[in-house]
There are 2 protein chains.
Amino acid sequence: MHHLFLKTSSLLVLVATMAFAAQSQAKDPMPSWNDTAAKKTIVSFVEKTTAKDSADFVPAAERIAVFDNDGTLWSEQPMYFQAIFIFDRIKELAPQHPEWTSKEPFASVLKGDVKAALAGGEHALLEMAMATHAGMTVEEFEKSVTHWVSTAKHPTTGKLYTEMIFRPMLEVLAYLRVNGYKTFIVSGGGIDFMRPWAEKVYGIPPEQVVGSSIKTKYEVRDGMPVLIKVPELNFIDDKAGKPVGIHQHIGRRPIIAFGNSDGDFQMMEWTTGGVGLRLGLLVHHDDAER
Amino acid sequence: MHHLFLKTSSLLVLVATMAFAAQSQAKDPMPSWNDTAAKKTIVSFVEKTTAKDSADFVPAAERIAVFDNDGTLWSEQPMYFQAIFIFDRIKELAPQHPEWTSKEPFASVLKGDVKAALAGGEHALLEMAMATHAGMTVEEFEKSVTHWVSTAKHPTTGKLYTEMIFRPMLEVLAYLRVNGYKTFIVSGGGIDFMRPWAEKVYGIPPEQVVGSSIKTKYEVRDGMPVLIKVPELNFIDDKAGKPVGIHQHIGRRPIIAFGNSDGDFQMMEWTTGGVGLRLGLLVHHDDAER
């Protein structure tokens, strides 16, 4: 097995620099990347896996590349953007929930105390997500996300959140697709939070987004079939959950994985642990925005 | 809303006849179909949704077509093929499970009493699936399915099970794909039971197969990352579960659905209940094989 898996040790962390190359060559598919070892590794891997006479040739159907989202494709500073979305939903729904003013973590959100609101970690965030998303149909939820990403502004840059994406990664996505790779998001974030904009922003359709979710229930309301979000955990697509989510949705082991954090370790391990040429890259964006 | 949903009432059930048309025309994309209303409906629907100047034009990304498997794409006679696979696994594993000779439903399977083995319905089948699949890695399971479909023979025809498919449906799948549709299986059958052969037989890749599943667990065994099947229900992709599975995997409402039984009703209802032109077809194969 050839592993190009670059481990989490700081020595091997890749730096996907944001600085644009001074002279972008006409034929360079990734002009935002400096001429680094990381870039050469990606190009070399793609050439080896796509040249028909290569010993490492991979049929197009098996060219699966998976990408973490938060901190890999878009920024996660000053906190997960989905947490901000949830906080905004709590503020919006607060008039209908007078009990929230004295109930944590909602009370801290309403007081604007982000640190206290997030003190409960993943569990508290999940509780807030369920409290604010449950009861909505999947279409209503999609509308609320679409509205938020087209209006809410990042606290320090004033940009839309979907403008807080890393251009070098968009170039990698496009470069891989041109070479017959199918690109998937595999994120700890909410699957239904990413789908409404991932196609437009990343070129990744809803059926190629894997993420965390609460359960949905099918029913007919007033003669109309609806899928309702219910306050019950369905799946956490993080850490050891990532290979599980990959298997459940994709059913085939990826040959390329991009991540940026400990939550991506098992996805990297699973991807690079297969037979044949494999590529696992940890990106470290040295600029908060593109 | 225009609904072409043909309900389960016998009056409206479509007959996808197996008889080959006497004179197959060179340009006919579905030569196995007689010149029926059903065929005209499909062709008309595809033309309306793909012609750029059509009022019912649908962008390629939204051309999602879902197909039930058992009884729709392949035969389900004399019983679900996956049940036969599970029975064969029980016989294979019996020497390691002496307790099965006195424990139902295993005892009935070992005695060859299929009727008694299936008396417990879905629950009993699930119990047998868990008992025979749990503990295997997903790769081991894939190998066992691949071996079975390439060696096991149908009890009455003596053919491989993957030869017990309905040729008119293969033609529909190909015709839709040529017209920019993405085709998905949405079946009550096991997702990992269908994936190993669906690409070769139907042209449907693993990531476009939705089905029932037991849970998997990620771990590292002897330094190798593995996904292990565990004896715990993950998801039943049948009846009201089908729209849920569609949302979870595809994230977009299909515009075409093919099914054959009550288990497909909610998938049909969900598909045809969306806005715009929709097509739901119930097929009734009047021949057990192609």
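The notes below deal with the structure included here. (Residues numbered from 1 in each chain as written. Chains lettered and ligands numbered in written order. Predicted model: local features only at pLDDT ≥ 70, side-chain atom pairs only at ≥ 80, totals over all residues. Heavy atoms only, no water.)

A closer look at the environment of B:Ala65
Residues and elements named next belong to chain B.
Okay, so step 1: With respect to the secondary-structure elements, Ala65 resides in strand E2 (residues 64-67).
Okay, so step 2: A relative accessible area of 0% places Ala65 in the buried class.
Okay, so step 3: Sequence separation of Ala65 and Ile185 is 120 residues, and the distance between their C-alpha atoms is 8.6 Å.
Okay, so step 4: If we skip the residues at most four places from it in the chain, Ala65 touches Leu176, Tyr181, Lys182, Thr183, Phe184 and Ile256. (Helix = DSSP H or I, 4+ residues; strand = E, 2+ residues; numbered from the N terminus. Buried < 20%, exposed > 50% of the residue type's maximum accessible area, 1.4 Å probe, protein only. Contact = heavy atoms within 4.5 Å.)

Some details on the interface of chain B and chain A
Okay, so step 1: Across the contact, 38 residues belong to chain B and 39 residues belong to chain A.
Okay, so step 2: Approximately 3200 Å² of surface area, both sides summed, lies buried where chain B meets chain A, with 51% of it carried by carbon and sulfur atoms.
Okay, so step 3: If you sort the residues of chain B by the area they bury against chain A, B:Glu207, B:Tyr218 and B:Gln248 come out on top, with a joint share of 21%.
Okay, so step 4: A salt bridge links B:Glu199 to A:Arg252; the nearest nitrogen and oxygen atoms lie 3.1 Å apart.
Okay, so step 5: The interface formed by chain B and chain A contains 20 residue pairs in polar contact (both at pLDDT 80 or more). (Buried area = accessible area lost by both parts, 1.4 Å probe. Salt bridge = Lys/Arg side-chain N within 4 Å of Asp/Glu carboxyl O. Polar contact = N/O pair within 3.5 Å; in protein donor to acceptor, adjacent residues only side chain to side chain.)

Quick word on helix H1 (residues 37-50) of chain B
Residue and element names in this part refer to chain B.
Okay, so step 1: Over its 14 residues, H1 runs 20 Å from end to end, which matches the ideal 20 Å to within 8%, given 1.5 Å per residue.
Okay, so step 2: Every buried residue belonging to H1 is among Ala38, Lys39, Ile42, Phe45, Val46, Thr49 and Thr50, and all of these are buried. The arc that holds every buried residue of H1, seen down its axis, measures 130 degrees, which confines them to one face. (Expected span 1.5 Å × (residues − 1). Arc of directions from axis to C-beta.)

Remarks on helix H10 (residues 265-272) of chain B
Okay, so step 1: Most of H10(B) sits inside the fold, with 7 of its 8 residues counted as buried.
Okay, so step 2: Residues of H10(B) that are buried: B:Gln266, B:Met267, B:Met268, B:Glu269, B:Trp270, B:Thr271 and B:Thr272.

A look at unusual backbone geometry
Residue and element names in this part refer to chain A.
Okay, so step 1: Geometrically, the link from Gln77 to Pro78 is a cis peptide bond, its omega value of 5 degrees lying close to zero.
Okay, so step 2: Tracing the backbone shows Pro78 in the loop between strand E2 (64-67) and helix H2 (81-93).
Okay, so step 3: The linkage connecting Glu104 with the following residue, Pro105, adopts the cis geometry, with an omega of 0 degrees.
Okay, so step 4: Among the structural elements, Pro105 can be located in the loop between H2 and helix H3 (106-111).
Okay, so step 5: Residue Asp222 is not a glycine yet carries a positive backbone phi of 50 degrees.
Okay, so step 6: Turning to its location among the elements, Asp222 is positioned in the loop between strand E4 (209-221) and strand E5 (224-235).
Okay, so step 7: By relative accessible area, which is 81% here, Asp222 ends up exposed.

Side note on the side chain of B:Thr72
Residues and elements named next belong to chain B.
Okay, so step 1: Relative to the assigned elements, Thr72 resides in the loop between E2 and helix H2 (81-93).
Okay, so step 2: With relative accessibility at 0%, the residue Thr72 sits in the buried group.
Okay, so step 3: Within the local environment of Thr72, its side chain forms a polar contact with the side chain of Asp68, the two groups lying 2.8 Å apart.
Okay, so step 4: At a separation of 3.3 Å, a polar atom in the side chain of Thr72 contacts the side chain of Asn260.
Okay, so step 5: Excluding residues within four positions of it along the chain, Thr72 makes contact with Phe166, Met169, Phe258, Gly259, Asn260, Asp264, Val283 and His285.

Points about the pairing of strand E6 (residues 256-259) of chain A
Residue and element names in this part refer to chain A.
Okay, so step 1: Of the two faces of E6, the one carrying Ile256 and Phe258 and the one carrying Ala257 and Gly259 are both buried.
Okay, so step 2: The pairing of E2 with E6 spans 3 bridges and is classified as parallel. By the bridge assignment, Phe67 is partnered in E6 with Phe258.
Okay, so step 3: With 4 bridges connecting them, E6 and strand E7 (residues 279-284) associate as parallel partners. (Pairing = 2+ DSSP bridges.)

A short note on empty space enclosed by the protein
Residues and elements named next belong to chain A.
Okay, so step 1: Under the defined criterion, the tally for this structure stands at 1 cavity of 30 Å³ or more.
Okay, so step 2: Each pocket or cavity is described by its volume, and for the largest cavity that value is around 30 Å³.
Okay, so step 3: Asn69, Asp70, Trp74, Gln82, Ser187, Gly189, Phe193 and Met194 together form the lining of the largest cavity.
Okay, so step 4: When contributions to the lining of the largest cavity are tallied by element, the ones reaching two or more residues are strand E3 (182-190) and helix H8 (191-202).
Okay, so step 5: Split by residue class, the lining of the largest cavity holds 3 nonpolar, 4 polar and 1 charged. (1 Å grid on protein atoms, 1.4 Å probe; cavity = no way out; pocket = protein on both sides within 12 Å on 5 of 7 lines; lining within 4 Å. Points joined across faces, edges and corners; volume = space filled by probe spheres on them. Nonpolar A, V, L, I, M, F, W, Y, C, P; charged D, E, K, R; others polar.)

Describing the packing of aromatic side chains
Okay, so step 1: All chains considered together, the criterion is met by 28 aromatic pairs over all chains.
Okay, so step 2: Measuring from centroid to centroid gives 4.4 Å for B:Trp74 and B:Trp197, while their planes differ by 20 degrees, and the two rings are stacked. Of this pair, B:Trp74 sits in the loop between E2 and H2 while B:Trp197 sits in helix H8 (residues 191-202); the two residues are 123 residues apart in sequence, bridging distant segments of the chain.
Okay, so step 3: Judged by relative accessible area, which is 0%, B:Trp74 ranks as buried.
Okay, so step 4: Aromatic ring contacts, followed pair by pair, group A:Trp74, A:Phe81, A:Phe85, A:Phe141, A:Trp148, A:Tyr161, A:Phe193, A:Trp197 and A:Tyr202 into a single cluster.
Okay, so step 5: Note that B:Lys229 overlies the ring of B:Phe141, its terminal NZ or CZ placed 4.7 Å from the centroid. (Phe/Tyr/Trp six-rings, centres within 6.5 Å; stacked < 30°, edge-to-face > 60°. Lys NZ or Arg CZ within 6 Å of the ring centre and 35° of its normal.)

Concerning the relation of the copies chain B and chain A
One copy of the chain maps onto the second through a rotation around an axis plus a translation along that axis.
Okay, so step 1: Overlay of chain B on chain A (RMSD 0.0 Å): rotation 180 degrees, translation along the axis 0.0 Å. Given the turn and translation reported, the copies of this chain are related as if by a two-fold rotation axis. Closest approach to the rotation axis among the C-alpha atoms of chain B is made by B:His249, whose C-alpha sits 3.1 Å away.
Okay, so step 2: Interface overlap between copies is the fraction of interface residues in one copy that are interface residues in the other; for chain B against chain A it reaches 100%, indicating a shared surface. (Least-squares fit on C-alpha atoms with pLDDT ≥ 70 in both.)

Thoughts on the nonpolar core
Okay, so step 1: Residues A:Ile42, A:Phe67, A:Met128, A:Trp148, A:Tyr202, A:Ile256 and A:Phe258 are the most contacted members of the largest nonpolar core, which totals 62 residues.
Okay, so step 2: Residue contributions to this core peak at 8 residues, all from H2(A).
Okay, so step 3: Judged by nonpolar contacts, the second largest core, of 61 residues, contains B:Phe87, B:Trp100, B:Tyr181 and B:Leu279. (Core = buried A, V, L, I, M, F, W, Y, C linked by side-chain atoms within 4.5 Å.)

Honestly, it's all geometry; don't read function into it.
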